[in-house]
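Chain by chain, the residues:
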Amino acid sequence: MGWLGLWAILLPLGSSLHHSEGWSDMDENKGNKHESTFGGLQSEQTGGPGAIAGKINYSRVGLHGTCKETFCERGRQCVVGEETGKAECVCLEKCHPTFVPVCGSDGRFYENHCEVYRTSCLQKKKVFVVHSKDCFFKGDTCTMAEYNRLKNMLLDLQSRSFKQGRNVQENRMSRRRFLVQKMFKYLDINNDGHLSSDELAQISMKDHLDDDLLECTMQDLLRYDDYNNDGHLTLQEFYTAFQVVQLSLPEDQKVSITTVTVGLSTVLSCAIQGTLRPPIIWKRNGIILNFLDLEDINDFGDDGSLYITKVTTIHMGNYTCHAYGYEDLYQTHVLQVNVPPVILVYPETQAQEPGVSASLKCHADGIPNPKIVWLKNGMDILPKLSKQLSLIANGSELHISSVRYEDTGAYTCIAKNDVGVDEDISSLFVEDSARKTLANILWREEGLSVGNMFYIFSDDGITILQPNECEIRRNIKPTERIVASYEEMCPKGEGDSIQQCVWASAVSVRDKYIYVTQPIQNKVLIIDTQSQKVVQVVETDPVPVKLHYDKSHDQVWLFSWGNANKSHPTLQVISQASGGEEHRTIRTQFERVDNFFIPPTNLIITHIRFGFIFLKLEPAVHKIDLETFRRIKTISLKNYSCIPVSMAYTHVGGYYFIQCQGKNSTSLPPQLIIDSVTDSVIGYNMDITGKPYISADGRYVVTPDDSSRMIRVQSITFQGELQLTLELETGFHVSDIVFQPSFTEANQYYIYATSRSQTDLLFIELSTGRREVLKNLKSPIPPQSWPWSSNNRVVVNSGLFGQYLVTPSTDSLFVLNGKQNTPHCEVSDIKRGNTVVWVGEV
C-alpha cells in the first residue's frame, strides 16, 4: 500500500494530457517570445547552440581571414560572414566539456564559466559569475510535488502540440506513450538513444523553459529518474519517469473463473504484467476495494493479489483488476461460491394405517443444486420404485400411494453436490388400529401435536385453523381472559357499542410463541402455541404497527407510530423473545424513524448481523448493529434522489434492493441496488420500480410495478449475475406476494399475488412463466379499513412443506390448495382477518 500511496500522489500531477489554461495564459503574457514553446518537439532539429560544457580561448578564435585580428567578448566566437566576407562575433556554438561548477548572477547553476557567458550572449542580457553558493543548493527546493508539476507542464505542452490529428478514441495509455516517445525524440539531440545533462540544458535554454519551471529544472529529470545513475536517461527510464509502463495481459487470461467453498479463503491474482508495473487496483461492481477498510477483503502484500477470508455467498460475483492509471487494460475474475447441501425432512416421524397414502419430503439447498437420493433402512430405494412407490419433484418427495406393513422403516434422504453431502431420516410406522403403540396413540388421538395451524387475527378475536380439513380448532374471543393478568384480551373502549379486536402485525417466534400488536391498545400480546392461550401482555409505545422476529439474536423488533399522525415514531426491541420469562421493551435511540428492515434467515444463512433503518424524508439508509442497537454507517442515496420505502435482500451475490419514492409522487425513481460487501450503491436496478420480494433461497427477485401493472421477475445466477427472466401483466394493483415451493420441480417456485381492489388472485410458475387467475375470492378489505400498511389483502403460505395458503376477504377467509392451484374452502364470519401467522410443528 506504500507504493500505492506514492503513485496516488504522482499520477494525478503528471497525467494531464489536455490543454493547461494556466500555461496558455503564461505564454500569451510573455508575448510569444519563443516561437516553439516546446511545440518544436515535432519540428526538425536545427543547428542551434550546442550544450557541451567546456573552456576555450575567447580572444582569438578565428584561424584565417580577418578573424586573426578580431577579438570577441567572453561567450562569443568570431566567424566570417558568407555575404560580407567580414569577421563577426556571434554566440559560442558550444563549450568544451569540463565540469567546474559555478553560479550565475541569474541564480542558476552552470557547469563552467563558459556556459555562464554563452548564456549571457544567447539571452542578450548580462549574466556573470558570482561567488555565492546559494544556487548550488537549488535542487533541494525541487520537491517531489514541484518535480511532478514540471513533468505535468512538459506533458501538457506536448499534448497541445499533438492534439490535432490524433484519434480521439485512442485509449489513455497509448496516447500517453506516444506523447512521451515524441518528447524523448525531440530531447535526444544527437539521436544516440540517451538523454544527457547537456541535451536537457540546451533544450531548456532554447525553449526558455527555465523561466517557468519554478523550483525545478530539466536537470532534475536526471536527479529523480536516472535509476542506474549512469548520467543518462534511456527511453525506458523516460517512460518510467512519466508513468508510461508497458503492460500485458494474455488473451486467454482476460477472464478468470475461481470456485471456492463457503467458509474457506481464496486469493485472486492479477495476471497483468510489466516492468515497474504500478500498484494493482481491485474493483467490485465498479467500487474500488483497495481503500475500503473491509474485514474480509484485503490487498496486503506486494504481489497485487486480492485476499478474501471466510468466503460467503455474498462474495460471489465479478472482480476486476488493473494497474493504477491504466483502467483500459483489466482482468475480470468471476468468483463462484459453492455451498455444501443443507437439508430438512418432513415429517420426522409419522404413523399411518395400511392402505392410506404417505409422503416423505426432503428439502435441500446448496450451490450447485444438490441431487437427492433415498435409502430405506440403509438400502438404495431406486430399484424398488413402482406405481406404488414413486419419486416426485426431482426426488424431493417420496410418495407411497398405499402403504403396507413392510413399508415401515427409516427413510434416509441424502443430498449431494460437488462440495459436500447432508442427510436426515424420516421414519414411517404402518400399524392398524389394534396394534397402535402408545406413542402413536398420543400423536394421533390425544392432539398433543398442535402445530401446522394458521392463526388468523380478526375483529372477533383469534381463529386457529387446521387447513387440511378446514377445521377450526379454537376460537379465542375478545372477552377471553389473559392468563397472567385476568384482563380481557380485547377490552371494550369508551363509546364502543361492540367489543372487537384491532390487530396490525404478528410474527411466529420459533413456533413456540406468537407476538401480535394491538395498535389501539398500545400493546403486544404473547400467545403460547402449545396451550393456545394469551400468556402475557407487553406495554409498548403508542400505536405499534410492525413486528419482525430476528432469529439470530432471538429478538422481536417493534416499530410504533407514536400517534395516528405518525409524528413521534419509535423503534423498540424485546430481547430473549423465545424465553418464558416476563418481557418488556427496550427503546432504541433512533429518532424520526420511518421504517426498518432486517434480512431473514434461511437454511444457508442462519445468522444476520446488521439491519437498516430509514429516517423520515431522508435520502439515506442507516446500517445498524443488531446486537448493540448502534448505528454503524450511513449510506447516502442523495445522488439518486431516492427516499427509501422498503428493502429486500439476497445472500446470493449480497444485494440489497431498495424501493424508492421521489421528491414528488408523479415520478418514482427505479429501485437502487446496494452491494453488501462494500456497502456502496451500485446503481439503478434497470428501470424497475416498486416493492421487491425475494424467494427464501435468494435466487428470485419479484417486483410488482404499480405504474405499469406489470410483475417483473429477475433471477440471480450462481455467479452473482442479475438477469431479467419474466415480464407479465397483472391487470391490477398488487397488494401482497408470497412464494410457494414448486411441487413438481426442485429449487423452483410459484408466486401468488393478491389485488388491492379486485377479487382475483394471480398464480405464476416462475420456471415457465405459466400463469392462472383464481377468480371470485370476494372483495378485499378496503384500504381505508386497513391503515397499518399498504397490504390490505395478505396471502400467507403454510411453510416450506405445506400445500395450503390463506387470503382474507372483507368478511371471510379463503383457503387455497397450492398443489392443485384451486380454492380449497371458505371460512365465513371472519371480519378483517388480515393478520395471519403460520405455525409449524411445535
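All values derive from a computational prediction rather than experimental measurement. (Residues numbered from 1 in each chain as written. Predicted model: local features only at pLDDT ≥ 70, side-chain atom pairs only at ≥ 80, totals over all residues. Heavy atoms only, no water.)

Another point: the overall build of the protein chain. The number of helices and strands found in the protein chain is nine helices and 53 strands. Of all 842 residues assigned to the protein chain, the portion counted as buried reaches 53%. For the protein chain, the exposed area adds up to about 39000 Å²; of that, 50% sits on carbon and sulfur atoms. (Helix = DSSP H or I, 4+ residues; strand = E, 2+ residues; numbered from the N terminus. Buried < 20%, exposed > 50% of the residue type's maximum accessible area, 1.4 Å probe, protein only. Areas by Shrake-Rupley, 256 points an atom, 1.4 Å probe, with all protein chains shown as cover.)

Applying the stated rule across the entire model yields 18 aromatic pairs. Ring-pair connections join several aromatic residues into one group, and the members of that group are Phe743, Tyr750, Tyr752 and Phe763. Taking NZ or CZ as reference, Lys623 lies 4.2 Å from the ring centre of Phe610, over its face. (Phe/Tyr/Trp six-rings, centres within 6.5 Å; stacked < 30°, edge-to-face > 60°. Lys NZ or Arg CZ within 6 Å of the ring centre and 35° of its normal.)

For the rest of this paragraph, the subject is the environment of Gly461. Within the secondary structure, Gly461 is located in strand β23 (residues 461–466). Once the C-alpha coordinates of Gly461 and Val502 are considered, the two residues, 41 residues apart in sequence, prove to be 8.7 Å apart. Once you skip the residues sitting within four places of it in the chain, Gly461 turns out to touch Ile456, Ile476, Pro478, Met489, Cys501 and Trp503. (Contact = heavy atoms within 4.5 Å.)

Pairing is antiparallel across the open sheet formed by four strands, whose spatial order is β29-β30-β31-β32. At either margin of the open sheet sits one strand with a lone partner, and together these are β29 (544–550) and β32 (586–587). Bridge count between β29 and strand β30 (residues 555–560): six bridges; the pairing is antiparallel. Along β30, the bridge assignment pairs Asp550 with Gln555. (Pairing = 2+ DSSP bridges.)

This next bit is on the side chain of His333. For His333, the location among the structural elements is in strand β13 (residues 330–346). A distance of 3.0 Å separates polar atoms of two side chains, one belonging to His333 and the other to Gln331. Once residues within four sequence positions are removed from consideration, His333 is found in contact with Ser256, Leu268, Ser269, Cys270, Trp282, Gly317, Asn318, Tyr319 and Cys321. (Polar contact = N/O pair within 3.5 Å; in protein donor to acceptor, adjacent residues only side chain to side chain.)

Our focus in this paragraph is the environment of Val507. Positionally, Val507 belongs in strand β25 (residues 506–509). Note on Val507: relative accessible area 12%, which makes it buried.

Before going further, it helps to spend a moment on the state of the cysteines. For the structure shown, the criterion picks out nine disulfides. Disulfide pairing places Cys67 opposite Cys78 at an S-S distance of 2.0 Å. Its torsion about the S-S bond being -80°, the disulfide of Cys67 and Cys78 is classed as left-handed. With Cys67 in the loop between α2 (21–29) and β1 (76–80) and Cys78 in strand β1, this residue pair connects regions lying 11 residues apart in the sequence. Paired through a disulfide, Cys362 and Cys413 show a sulfur-sulfur distance of 2.0 Å. Disulfide Cys362-Cys413: torsion about the S-S bond near -75°, hence left-handed. Here the residue Cys362 occupies a position in strand β15 (residues 358–367), and Cys413 occupies one in strand β20 (residues 409–417), the gap between them amounting to 51 residues. Taken as a pair, Cys362 and Cys413 share a single burial class, namely buried. (Disulfide = S-S within 2.5 Å.)

Membership of the largest hydrophobic core comes to 75 residues, with the highest contact counts inside it found for Trp282, Tyr319, Trp557, Val621 and Ile658. Among the elements that make up this core, the one with the highest residue count is strand β38 (residues 655–661) (five residues). Counting residues in each nonpolar core, the second largest holds 28 residues, with Met153, Leu157, Phe184 and Cys216 among its members. (Core = buried A, V, L, I, M, F, W, Y, C linked by side-chain atoms within 4.5 Å.)

Turning our eyes to something else, we now look at the sheet that holds strand β39 (residues 672–675). Picture the strands of a sheet paired through backbone hydrogen bonds; they go either parallel or antiparallel. The four strands are arranged β37-β38-β39-β40 in an open sheet whose pairing can be described as antiparallel. What marks the edges here is a single partner per strand, and that holds for β37 (643–650) and β40 (680–684). Taking each pair of neighbouring strands and ignoring which way they run, the sheet shows an average axis angle of 30°. Relative to β39, β38 is paired through four bridges, and the arrangement is antiparallel. Bridged to Tyr656 within β39 is Ile674. (Axes fitted to C-alpha atoms, helices over the stretch in contact; angles between N-to-C directions.)

This part covers the pairing of strand β31 (residues 570–574). The element β31 is extensively covered by neighbouring structure, given that five of its five residues are classed as buried. With five bridges joining them, β30 and β31 adopt antiparallel strand pairing. In the sheet register, Leu558 faces β31, and the bridge partner there is Gln572. Sheet topology places β31 next to β32; two bridges connect them, and they run antiparallel. Paired with Val573 across the two strands is Ile586, which belongs to β32.

The next thing to look at is a negative patch on the surface. On the surface, Glu348, Glu423, Asp424 and Glu841 cluster together into a patch of negative charge. Along the chain, the position of Glu841 falls in the segment after β53 (835–839). The class for Glu841 is partly exposed, based on a relative accessible area of 38%. (Patch = residues over 30% accessible without salt bridge, like charges linked within 9 Å, V, L, I, M, F, W, Y side chains within 5 Å. Salt bridge = Lys/Arg side-chain N within 4 Å of Asp/Glu carboxyl O. Lys, Arg positive; Asp, Glu negative; His and termini not counted. Charge placed at Lys NZ, Arg CZ, Asp CG, Glu CD.)

Evaluation of the coordinates by the stated rule reveals 27 salt bridges. Arg404 is the salt-bridge partner of Glu406, the closest N and O atoms lying 3.6 Å from each other. With a relative accessible area of 49%, Glu406 lands in the partly exposed category. Asp541 is paired through a salt bridge with Arg587; the nearest N and O atoms lie 2.7 Å apart. Of this pair, Asp541 sits in the loop between β28 (533–539) and β29 while Arg587 sits in strand β32, and the two are 46 residues apart along the sequence. For Asp541, a relative accessible area of 10% puts it in the buried group. Each member of the salt-bridge network shares a partner with another, and the members are Asp365, Asp697 and Arg699.

With that out of the way, let us pick up the confidence of the model for the protein chain. The pLDDT averaged across the protein chain works out to 85; a share of 85% of its residues lies at or above 70. Between residues 1–64, whose pLDDT stays under 50, and residues either more than four places distant or in other chains, the model counts 151 contacts. (pLDDT = per-residue confidence, 0-100.)

Glancing now at unusual backbone geometry. Of note, the amide linkage connecting Tyr346 to Pro347 takes the cis form, showing an omega dihedral of -10°. Assignment of secondary structure puts Pro347 in the loop between β13 and β14 (349–352). Even without being glycine, Asn394 reaches a positive phi, approximately 55°. Among the structural elements, Asn394 can be located in the loop between β18 (389–392) and β19 (397–400).

Right, let's talk about the environment of Leu558 for a bit. Considering the arrangement of structural elements, one finds Leu558 in strand β30. Exposure remark for Leu558: the relative accessible area of 0% places this residue in the buried category. Spatially, the C-alpha atom of Leu558 lies 5.9 Å from that of Val573, the residues being 15 residues apart in sequence. Among residues more than four places away in sequence, those in contact with Leu558 are Thr517, Val524, Thr540, Pro544, Lys546, Leu547, Thr570, Leu571, Gln572 and Thr585.

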